[in-house]
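# Examination of the molecular architecture
So you can see what is in the structure, the chains are spelled out below.
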Amino acid sequence: MLKIIFATHNKNKLKEVQSMFPEQAKIVGLEEVGCFEEIPETGNTLQANALEKARHVHRNYSQNCFADDTGLEIDALGGKPGVFSARYAGADKNSLDNMHKVLREMHSQPSRKARFRTVIALILDGEEMLFEGVSEGEIIPEMRGAEGFGYDPIFIPEGYNQTYAEMPLEEKNKISHRYKAIKMFADYLMSLNYY
Ligand code: IMP
């Protein structure tokens, strides 16, 4: 069975991603290789961050591995918060603060178009590959829903009238940016006859 390390300390994210993979692939967290340190994330793009995290794990633990990075890109804000999505309102702030900042900046803004973008960097047998998944949608003027995490309460994906936070998690996970990136990754493994 193909075993790949997912370079995240976030247990919820690990579970979510495991559930998106065919069961022939064994996706394990960093504890599996005894990695408990903070993984550096200093890049200016999603690609750079995903690669930096995957390279750190590959260099230090010599295992097949992948890392992801996600950003919310809002057209009216010139693509912000983008790569700074996690700390948009400041390093010591949380998702609620980040959403409040976005809603303030989007106040009375007629153009609401936005997208989530996930980039995955894979290092498999020493070879680097990037995969990308995008979920188009719009920012609404107030928060709705209690599911999900991050910016989910203010984002409605294209073709829906519920925010990600109003959908059951299984529904979001069938259409999300992360799912699309993982699907490309899983299809790539399939094309190489890994399973
Ligand atoms: P990360 O790259 O997964 O750490 O994501 C960076 C930031 O983007 C997180 O802190 C979240 O605020 C936000 N984010 C990532 N994925 C999602 C999502 O699926 N829904 C809403 N917000 C997300």
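Look up: the structure comes first, before these words.
Scope of this entry: the structure provided in the associated data block. (Residues numbered from 1 in each chain as written. Predicted model: local features only at pLDDT ≥ 70, side-chain atom pairs only at ≥ 80, totals over all residues. Heavy atoms only, no water.)

### Thoughts on the overall build of the protein chain
Regarding its fold elements, the protein chain presents five helices and seven strands. Each helix (α) and strand (β) of the protein chain, taken in turn from the N terminus, gives the series β-α-β-α-β-β-α-β-β-β-α-α. Compactness check: the protein chain gives a C-alpha radius of gyration of 17 Å against a globular reference of 16 Å for 195 residues, within 12% of the reference. Overall, the protein chain is about 50 × 30 × 25 Å in size when its C-alpha atoms are taken along their principal axes. Per-residue burial over the protein chain gives 47% buried out of 195 residues. (Helix = DSSP H or I, 4+ residues; strand = E, 2+ residues; numbered from the N terminus. Rg over C-alpha atoms; globule rule 2.2 N^0.38 Å. Buried < 20%, exposed > 50% of the residue type's maximum accessible area, 1.4 Å probe, protein only.)

### A word on helix H3 (residues 95–105)
Along H3, the positions that sit buried rather than exposed are Asn 98, Met 99, Val 102 and Leu 103. All buried residues of H3 lie within an arc of 130 degrees about the axis, which places them on one face of the element. On its buried face, H3 sits against strand S3 (65–74), strand S4 (80–82) and strand S6 (127–139). Two or three places before Leu 96, at the start of H3, stands the capping residue Asn 94, its side-chain oxygen 3.1 Å from that residue's backbone nitrogen. (Arc of directions from axis to C-beta. Contact = heavy atoms within 4.5 Å. Polar contact = N/O pair within 3.5 Å; in protein donor to acceptor, adjacent residues only side chain to side chain.)

### Notes on the nonpolar core
Judged by nonpolar contacts, the single largest core of 20 residues is most densely connected at Ile 4, Phe 21, Ile 27, Phe 66, Phe 185 and Leu 189. Those residues in contact with Ile 27 that sit more than four places away from it in its chain are Ile 4, Phe 6, Leu 14, Gln 18, Phe 21 and Phe 66. (Core = buried A, V, L, I, M, F, W, Y, C linked by side-chain atoms within 4.5 Å.)

### What to know about the environment of Phe 131
Residue position: Phe 131 is located in strand S6. Once the C-alpha coordinates of Phe 131 and Ile 175 are considered, the two residues, 44 residues apart in sequence, prove to be 16 Å apart. What Phe 131 contacts, discounting residues up to four positions off in sequence, is Thr 118, Val 119, Ile 120, Leu 122, Ala 181, Met 184, Phe 185 and Tyr 188.

### Some remarks on the pattern of salt bridges
Counted according to the given criterion, the structure contains 16 salt bridges. A salt bridge links Lys 13 to Asp 68; the shortest N-O distance between them is 3.1 Å. Of this pair, Lys 13 sits in helix H1 (residues 11–20) while Asp 68 sits in strand S3, and the two are 55 residues apart along the sequence. The partner of Arg 115 in a salt bridge is Glu 73, and the shortest N-O contact between them spans 3.8 Å. You can see Arg 115 sitting in strand S5 (residues 113–124) and its partner Glu 73 sitting in strand S3, a full 42 residues away along the chain. For Glu 73, a relative accessible area of 16% puts it in the buried group. (Salt bridge = Lys/Arg side-chain N within 4 Å of Asp/Glu carboxyl O.)

### Re the site of the ligand
Taken together, the neighbourhood of the ligand is formed by 13 residues, with Lys 13, Thr 70, Asp 152, Lys 172 and Arg 178 sitting nearest. Here a nitrogen atom of the ligand and a backbone polar atom of Tyr 151 are 3.1 Å apart. For the ligand, whose free accessible area comes to 470 Å², the fraction covered by protein is 87%. Looking at the shell around the ligand, the elements that each hand over two or more residues are S3 and helix H5 (177–191). Of the residues belonging to the shell around the ligand, the class tally is four nonpolar, four polar and five charged. (Near = heavy atom within 4 Å. Areas by Shrake-Rupley, 256 points an atom, 1.4 Å probe, with all protein chains shown as cover. Nonpolar A, V, L, I, M, F, W, Y, C, P; charged D, E, K, R; others polar.)

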